[in-house]
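Structural features, examined
Listed below are the residues making up each chain.
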Amino acid sequence: MLLHLIGLTAPLFLLVLLGFALSHFGWPRSASDALTRFVFSVAVPTLLFRLMSDFSRLPRVDARLLIAYFGGCLIVYVIGRLLGAWLFRMDGASQSVFAMGGIFSNNVLLGIPLAKVTLGEASMPAVSLVLVFNSLILWTLVSVSVEWARHRDLSLPGLARTARGVVTNPVVASILAGTAFGFLNMPLPGVLDRTLAMVGDAAVPLSLIALGMGLAEFGVRAQWRESAAVAALKLLAQPLAVFALARILALPPLETAAVVMLAALPVGANVYLMSRQFGVLSSAVASSIVLTTALAAATMPLTLSVVGIGR
C-alpha cells in the first residue's frame with residue numbers, strides 16, 4: 001500500500017508545486033482569486049451535479065454504513081468545533097472550516113484507487129455510497145454551520161437569510177439540483193453529459209493548482225499549530241471514531257474496511273475552497289492538506305493494521 005499511495009499522491013504534489021511556482025514567479029493574487037472562484041462556482045458544482053444525477057441508480061443504501069461513516073464525521077466535527085473555540089479562540093465560521101478539515105477526505109483521487117487495490121472491486125458499492133453522500137451531507141453541513149454562525153437569528157427573517165445563504169451556495173445548489181434530476185431517472189443528453197464531464201474533470205487539478213498558489217501566498221509554516229491539530233483530527237480521530245461506530249453497528253468486515261480506509265485519507269482539496277469562499281483559515285487549511293497528504297503514507301497503513309484491516 002505504501003508504494004501505491006506514494007505513486008497516487010505524486011501527481012497531487014506536482015500540481016500543488018505548479019500552482020506554487022506560478023504564484024511565486026509572477027502570477028498576481030488576482031489570478032489565484034479568479035481561479036479559486038471559477039473552481040468553486042463552476043467546476044466543482046458541475047462535477048457534483050453530474051455525480052448526483054446518478055443518485056437513483058446507486059446500490060441499495062445500507063443505513064449502518066452511512067451511520068458509521070457520517071456518525072463518525074459528526075463526532076469528530078463537534079470535537080473540532082470545541083477544539084477550535086477552546087484552544088484557538090476561533091469564531092464560529094473559523095471553527096466550522098477548521099472542524100471540516102478534520103473530516104473531509106480526499107475520496108476521489110485517493111479513495112477510489114486505494115479501495116480497488118487494497119479491498120478489491122467488491123468494495124466499490126460501499127465507496128460509491130460514501131462518495132455521493134459525502135458531498136450531500138458535508139458541504140451542506142459546513143454551509144449551514146457558517147451561515148448560522150454569521151447570522152444567529154432565530155426570527156423568521158433570520159432563518160430565511162440563513163436558508164438563503166445555504167441554498168444559494170453554488171456547491172449546495174448543484175448537489176440539490178443534481179439529486180432532483182437523478183430522481184427523474186432520466187439520462188443526461190449525450191452532448192450535455194460530455195460537456196459537463198469535461199468541465200467537471202478540471203475541478204480536481206485546478207483545485208490543487210489553486211492550493212499551490214495559496215501556499216505561495218500564505219507560506220507553508222503559517223498557522224502550523226492549527227494545521228497540526230487538523231492533521232490529528234483527520235488522520236487519527238476520524239478513522240478511530242468511524243471504526244468504533246462500525247463495530248457497534250456490527251457492520252460487515254468489507255464495509256467496515258471501506259469506511260475506515262476512507263476516513264483515514266488525508267484532507268481533501270475542497271476544504272481549501274471552503275476556506276477561501278468563507279474567508280477564514282486559508283493558510284492553515286492549505287498547510288494541513290499538504291501535511292496530511294505527506295503523513296498519510298505512514299499513518300494509513302498503521303491505522304488499518306491497528307484496527308485489523310488489510311488484505
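The preceding data block contains the structure.
Keep in mind that what you see is a predicted model, and the values were worked out from it rather than measured.

Side note on the overall build of the chain
A count of helical and extended segments in the chain gives 14 helices and 0 strands. Secondary structure of the chain in N-to-C order comes out as α-α-α-α-α-α-α-α-α-α-α-α-α-α. Relative to the compact-globule value of 19 Å for 311 residues, the chain shows a C-alpha radius of gyration of 19 Å, a close match. Counting across all 311 residues of the chain, residues that qualify as buried make up 52%. Considering only contacts within the chain whose residues lie at least 6 apart along the sequence, 85% involve residues at least 24 apart. Roughly 13600 Å² of accessible area belongs to the chain as shown, and the carbon and sulfur atoms make up 69% of that amount. Positive and negative charge centroids in the chain, built from 20 and 12 side chains respectively, lie 3 Å apart.

Quick look at the layout of surface pockets
By volume, the largest pocket is sized at about 620 Å³. Taken together, 33 residues make up the lining of the largest pocket; nearest its centre are L47, L48, L51, V108 and V204. Taken together, the residues of the lining of the largest pocket break down into 18 nonpolar, 10 polar and 5 charged.

Some points on the pattern of salt bridges
By the definition in use, this model includes 3 salt bridges. R29 is paired through a salt bridge with D33; the nearest N and O atoms lie 3.0 Å apart. Residue R29 and its partner D33 are both found in helix α2 (residues 29-52); the two are separated by 4 residues, about one turn of the helix. When the shortest N-O distance is used, the salt bridge between D33 and R276 registers 2.3 Å. Taken together, the positions of D33 in helix α2 and R276 in helix α13 (residues 270-278) put the pair 243 residues apart, joining distant regions of the chain. In the salt-bridge network here, residues are joined through shared partners; they are R29, D33 and R276.

Criteria and thresholds
- Residues numbered from 1 in each chain as written.
- Predicted model: local features only at pLDDT ≥ 70, side-chain atom pairs only at ≥ 80, totals over all residues.
- Heavy atoms only, no water.
- Helix = DSSP H or I, 4+ residues; strand = E, 2+ residues; numbered from the N terminus.
- Rg over C-alpha atoms; globule rule 2.2 N^0.38 Å.
- Buried < 20%, exposed > 50% of the residue type's maximum accessible area, 1.4 Å probe, protein only.
- Contact = heavy atoms within 4.5 Å.
- Areas by Shrake-Rupley, 256 points an atom, 1.4 Å probe, with all protein chains shown as cover.
- Lys, Arg positive; Asp, Glu negative; His and termini not counted.
- Charge placed at Lys NZ, Arg CZ, Asp CG, Glu CD.
- 1 Å grid on protein atoms, 1.4 Å probe; cavity = no way out; pocket = protein on both sides within 12 Å on 5 of 7 lines; lining within 4 Å.
- Points joined across faces, edges and corners; volume = space filled by probe spheres on them.
- Nonpolar A, V, L, I, M, F, W, Y, C, P; charged D, E, K, R; others polar.
- Salt bridge = Lys/Arg side-chain N within 4 Å of Asp/Glu carboxyl O.

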